[in-house]
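Understanding the architecture of this molecule
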Amino acid sequence: TDPAIIRNFCIIAHIDHGKSTLADRMLQITGVVDERAARAQYLDRMDIERERGITIKSQAVRMPWTVAADNEQGAEPGTYVLNMIDTPGHVDFTYEVSRSLQACEAAVLLVDAAQGIEAQTLANLYLAMGADLHIIPVLNKIDLPSANVEKYALELANLVGCEVEDVLLTSAKTGLGVEALLNEIVRTTPAPVGDPDAPPRALIFDSVYDTYRGVVTYVRVVDGKLSHRDRIKMMSTGAVHEMLEVGVISPEPVKAGDLGVGEVGYLITGVKDVRQSRVGDTVTSQHNGADEPLGGYEHPNPMVYAGLYPIDGDDYPTLRDALEKLQLNDAALAYEPETSGALGFGFRCGFLGLLHMEITRERLEREFNLELISTAPNVVYHVTLDDGSRIEVTNPSEYPDSKIREVLEPVVTATILSPADYIGTIMELCQTKRGTLLGMDYLSEDRVEMRYTLPMGEIAFDFFDNLKSKTKGYASLNYEFAGEQAGDLVKVDILLQGEPVDAFSAIVHKDAAYSYGVMLAGKLRELIPRQQFEVPIQAAIGSRVIARETIRAIRKDVLAKCYGGDITRKRKLLEKQKEGKKRMKMVGRVEVPQEAFIAALSTT
Ligand code: GTP
């Protein structure tokens, strides 16, 4: 294909502003998907994506588009090839967004006409500007009765620095304005430039595991040509793979002989693991390959860790196989086996963020029919000991009890957008979470942008829910990793009869240790049934006890209920009690029902 007629663009937006709906409408209008075959959110292929209505993996589709001779936008008439790259919108997947952007020349910046600019609108716009993309501002959902087109078109124009007349108006739902948008994409998006005679270089912006075909790698060719006859080389590792197939997605895979400058398509090489075909890497040919990769390749590092345990210990092998399978399709998922005194055999898993964690857990439970219990998530700490050695802590139970010189915790730069009425409330919340205000700007008279540095451990848990409820749902949040800072952190252990229960250990700020200890000890007193003897529950930092509760002793005699000599009834009761015992975990001499662990962990 002649690069002069190619237009590569992506759609960026805050969550729920209508990206996937717009993508669907474009597929329909360009005739790639006919009306009958159109199902809602065609591009969101995973069930879980469709159910949650969010996009997790990026997708790329090629659409032919003919610009009519008399089009109002003044685009050059003719037939073009549009490559649309749908990007995920959530903060956890920022890395994927930024790689998708590198594959495009323009970004359609979509803003909900009833909501206005939100935190991820800004974050994505900055990423797109950083990638030097042409920005096409679009106000969507103008069909909504609550749309305020005038106000938000102006807000959007101010943000991108254009005239308010240049903001396009669409309804992805009804299709209004979408043709005009396609023409405008043709008119304003620069055609790709690259050297057709240079050694091939293609950027991987997505890679997906398919049960039948192995790993399908999505690429954007920058220079040269990738042919199905080539053997290809991954530039970050030097690994060489046989090429089995190249093609384009439109909207189902279509084989092609090769992919040239500016083209977007897929490769199949027969590798079985997405980690061998990583997003951000550069593909070249084995012979006469390129020397310089495209841009810096960044390895996605897990930011949040949690232990995952099967509720039924017999499911451990199933969980191991399931994690292995998920990892084939998720290069960012990390895991290693771990044993907990309280929970048995399981895995310590690393995730990009909380949403990534939730999705992974849900997929494990749903697709592999597992029942899981997860420990409270924690971030990664770097601890320097008195002797100068440094350790990385991904599990609170590995946190040293003494001889600590310094602890570094990860911090994020958070951007919060909110109606100005909530400035005080937000400041208060950020203060209790140890935040430092970096700056504040008014986007309009009644809308502010606040920037904070916050410890990641403080926002990883209930911060977002808190922010939403305190601002009646009006505030939006985006954050990015911003390095590490020293923190006054301690490990709080929970002890039953003097025995620490590893699953409940947590690393918290010194000032929050007391309330964490009191909360958990109180909860466990309610959850653990009385035993034959008295059971003290303690929360401690090292050897210093900071909270204490006691479960009083009872004499538990199930037979006491049976008067007379009904021997079968007695036997039944004894059997029932034995059955129950199987689901008990012993902590020292204390029997703890598994439900107590689940209940205590599910709400911390
Ligand atoms: P993520 O994939 O989670 O980032 O969301 P998204 O930006 O892809 O949003 P999506 O397309 O899923 O749309 C969110 C909701 O807005 C859905 O309920 C859509 O039906 C609705 N919606 C999208 N566009 C329009 C529109 O133009 N008008 C109206 N009334 N509703 C729309």
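Summary of the structure given here.

Each value, and the rule that gives it
- Residues numbered from 1 in each chain as written.
- Predicted model: local features only at pLDDT ≥ 70, side-chain atom pairs only at ≥ 80, totals over all residues.
- Heavy atoms only, no water.
- Phe/Tyr/Trp six-rings, centres within 6.5 Å; stacked < 30°, edge-to-face > 60°.
- Helix = DSSP H or I, 4+ residues; strand = E, 2+ residues; numbered from the N terminus.
- Buried < 20%, exposed > 50% of the residue type's maximum accessible area, 1.4 Å probe, protein only.
- Disulfide = S-S within 2.5 Å.
- Pairing = 2+ DSSP bridges.

**A short note on the packing of aromatic side chains**
- Under the definition given, this model contains four aromatic pairs.
- Between Tyr316 and Phe345, the ring centres sit 5.9 Å apart and the planes meet at 55 degrees, which makes this aromatic pair tilted. Remark: Phe345 occurs in strand β19 (residues 344-351) and Tyr316 occurs in helix α7 (residues 316-328); sequence separation between them is 29 residues.
- For Tyr316, a relative accessible area of 18% corresponds to the buried category.
- Accessibility expressed as a relative area gives 54% for Phe345, which makes it exposed.
- Judged by centre distance (5.1 Å) and plane angle (0 degrees), the rings of Tyr316 and Phe347 are stacked. With Tyr316 in helix α7 and Phe347 in strand β19, the pair connects residues that are 31 residues apart, well separated along the chain. The two residues Tyr316 and Phe347 agree in class, both being buried.
- The rings of Tyr316, Tyr335, Phe345 and Phe347 are connected pair by pair, giving a single aromatic cluster.

**As for the state of the cysteines**
- Here the structure, examined in full by the defined rule, presents zero disulfides.
- Of the cysteine sulfurs around Cys104, a residue in no disulfide, the closest is that of Cys10, at 3.8 Å.
- A residue is classified by how much of its surface remains accessible, and Cys104, at 5% relative accessible area, is buried.

**A word on the pairing of strand β25 (residues 436-444)**
- Alignment of β25 against strand β26 (residues 447-455), held across seven bridges, turns out to be antiparallel. Directly across from Leu437, in β26, lies its bridge partner Tyr452.
- The hairpin turn running from β25 into β26, its antiparallel successor, is two residues long.

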